[in-house]
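# Architecture and fold: a report
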Amino acid sequence: MRYLAAALPLAALLAGCERAPADPRGLGRDEVLVQSLPTGRADTRPDEARFTPGVQTTDATAAAASARNAEVINRVVAALRGLGVRPEDVQSRQVTLGRIDHGRDRGRFRASNLIEVRVRDVDRVGEAIAATTDAGANVVSGPDLRIADPNAANRSAYASAYRAARARADAYAEAAGLRFARVLAIRDAGESGGPQPYYDLDMAAEANMAPRIVAPPGRPGRTTRQVAVRVDFALAE
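Residues numbered from 1 in each chain as written. Predicted model: local features only at pLDDT ≥ 70, side-chain atom pairs only at ≥ 80, totals over all residues. Heavy atoms only, no water.

### A word on the pattern of salt bridges
Cut-off, in case you're wondering: The term salt bridge refers to a pairing of a side-chain nitrogen on Lys or Arg with a carboxyl oxygen on Asp or Glu at a separation within 4 Å. A helix here means a DSSP run of H or I that spans at least four residues, while a strand means a run of E at least two residues long, and both kinds are numbered starting from the N terminus. In this scheme, a residue with accessible area under 20% of its type's maximum is buried, one over 50% is exposed, and one in between is partly exposed, where area comes from a 1.4 Å probe on protein chains only.
Under the definition given, this model contains 14 salt bridges. Across the pair Glu116 and Arg50 runs a salt bridge whose closest N-O atoms are separated by 3.5 Å. Remark: Arg50 occurs in strand β3 (residues 48–59) and Glu116 occurs in strand β5 (residues 109–119); sequence separation between them is 66 residues. Assigned by exposure class, Glu116 and Arg50 land together as buried. The shortest N-O distance in the salt bridge between Glu71 and Arg75 comes to 3.6 Å. Pair noted here: Glu71 and Arg75 are both in helix α2 (residues 62–82), with a separation of four residues, about one helical turn.

As structure tokens, then:
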């Protein structure tokens, strides 16, 4: 009995040694791990634009500067409505009113009102900018050309990144005399947008401009979306 009691713990220990712990990476026996970090790109035409027109007014009193500013900004918004810009696509960005303490307007008051405008038809952004300046906007910045649904634009970039990862895994397998077995993991490693064209207009100094503003040309161009993925593959004999 004493021999049997001593043998039982030893048998349990040997049985435990026979079972190798599972690989935390998901690899099976005789499998080789290949890790890849490819990038994928997709060129997409922007389909909307945002720009920021504003009005600056200066007057002898705060009330006069504010009232004149409100009158002009209301004309700007009305002009945008006339182009079909929706009310929800016009948003206040900054409203300021203060006394000027230096320069030739010292002692007077300046009111400023900036709004952000979303133009859903990117081909009409130049027309929208011209409409705001013609209505009295004397500060304009933008446009910022965007893609309304970036996730849709990214899908082809992700597909491209995965194809690059799989091609790399197949190349490793062929070179090593192995075969592709399976995908172990796919992880998102981030995304970025390429440089977007823009231009700035500062109309504040153009007090003697012609009454009608010529629409600046809008050139949507292409926006490059780039994504990166981490893919783990298993190769086997």
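### As for the packing of α2 against helix α3 (residues 125–135)
As a reminder, the rule being used: To get an axis, fit a line to the C-alpha atoms, keeping to the stretch in contact for a helix; angles then go from 0 to 180 degrees between the N-to-C directions. Each angle gets one of four labels, with under 35 degrees taken as roughly parallel, over 145 as roughly antiparallel, 65 to 115 as roughly perpendicular, and the rest as oblique. Crossing handedness is read from the near helix: turned anticlockwise from the far helix by less than a right angle, it gives a left-handed crossing, and turned clockwise, a right-handed one. Contacts are assigned to residue pairs that have any heavy atoms within 4.5 Å of one another. Each residue gets one of three labels, nonpolar for Ala, Val, Leu, Ile, Met, Phe, Trp, Tyr, Cys and Pro, charged for Asp, Glu, Lys and Arg, and polar for the others, Gly among them.
The N-to-C vectors of α2 and α3 enclose an angle of 150°; their axes lie 8 Å apart at closest approach. Considering the angle they form, α2 stands roughly antiparallel to α3. Considering the relative orientation of α2 and α3, their crossing is right-handed. Residues Val72, Arg75, Val76, Ala79 and Leu80 of α2 form the contact with α3, whose participating residues are Ala128, Ala131, Thr132 and Ala135. For the contact of α2 with α3, a count of residues per class yields seven nonpolar, one polar and one charged.

### Looking at the packing of aromatic side chains
Spelled out, the test is: Here a Phe, Tyr or Trp ring, Trp counted by its six-membered ring, pairs with any other such ring whose centre lies within 6.5 Å, and the pair is stacked when the planes are under 30 degrees apart, edge-to-face when over 60, and tilted otherwise. Whether a charge sits over a ring depends on NZ of Lys or CZ of Arg being within 6 Å of the ring centre and within 35 degrees of the ring normal.
Under the definition given, this model contains two aromatic pairs. Taking the centre distance of 6.2 Å and the plane angle of 55° together, the rings of Tyr162 and Phe233 count as tilted. Taken together, the residues span a long stretch of sequence, with Tyr162 in helix α4 (residues 150–176) and Phe233 in strand β9 (residues 223–236) at a distance of 71 residues. Tyr162 gets classed as partly exposed once you look at its relative accessible area, which sits at 27%. Through a chain of ring-to-ring contacts, the aromatic side chains of Tyr162, Phe180 and Phe233 assemble into a single cluster. For the cation-ring pair, Arg166 lies above Phe180, with the distance from its terminal atom to the ring centre recorded as 3.6 Å.

### Focus: α2
Our working rule: Helices are assigned an expected span. That span is 1.5 Å times one less than the residue count. Note that the arc is defined by the directions from the helix axis to the C-beta atoms.
With 21 residues, α2 extends 30 Å from end C-alpha to end C-alpha; this agrees with the ideal 30 Å at 1.5 Å per step. Turning to α2, its buried residues number three or more, namely Ala65, Asn69, Val72, Ile73, Val76 and Leu80. Angular distribution of buried residues about the axis of α2 spans 100°; they occupy a single face of the element. Opposite the buried face of α2, at more than 90 degrees from it, the exposed residues are Ala63, Asn74 and Gly82.

As far as function goes, none of this settles anything; it's purely spatial.
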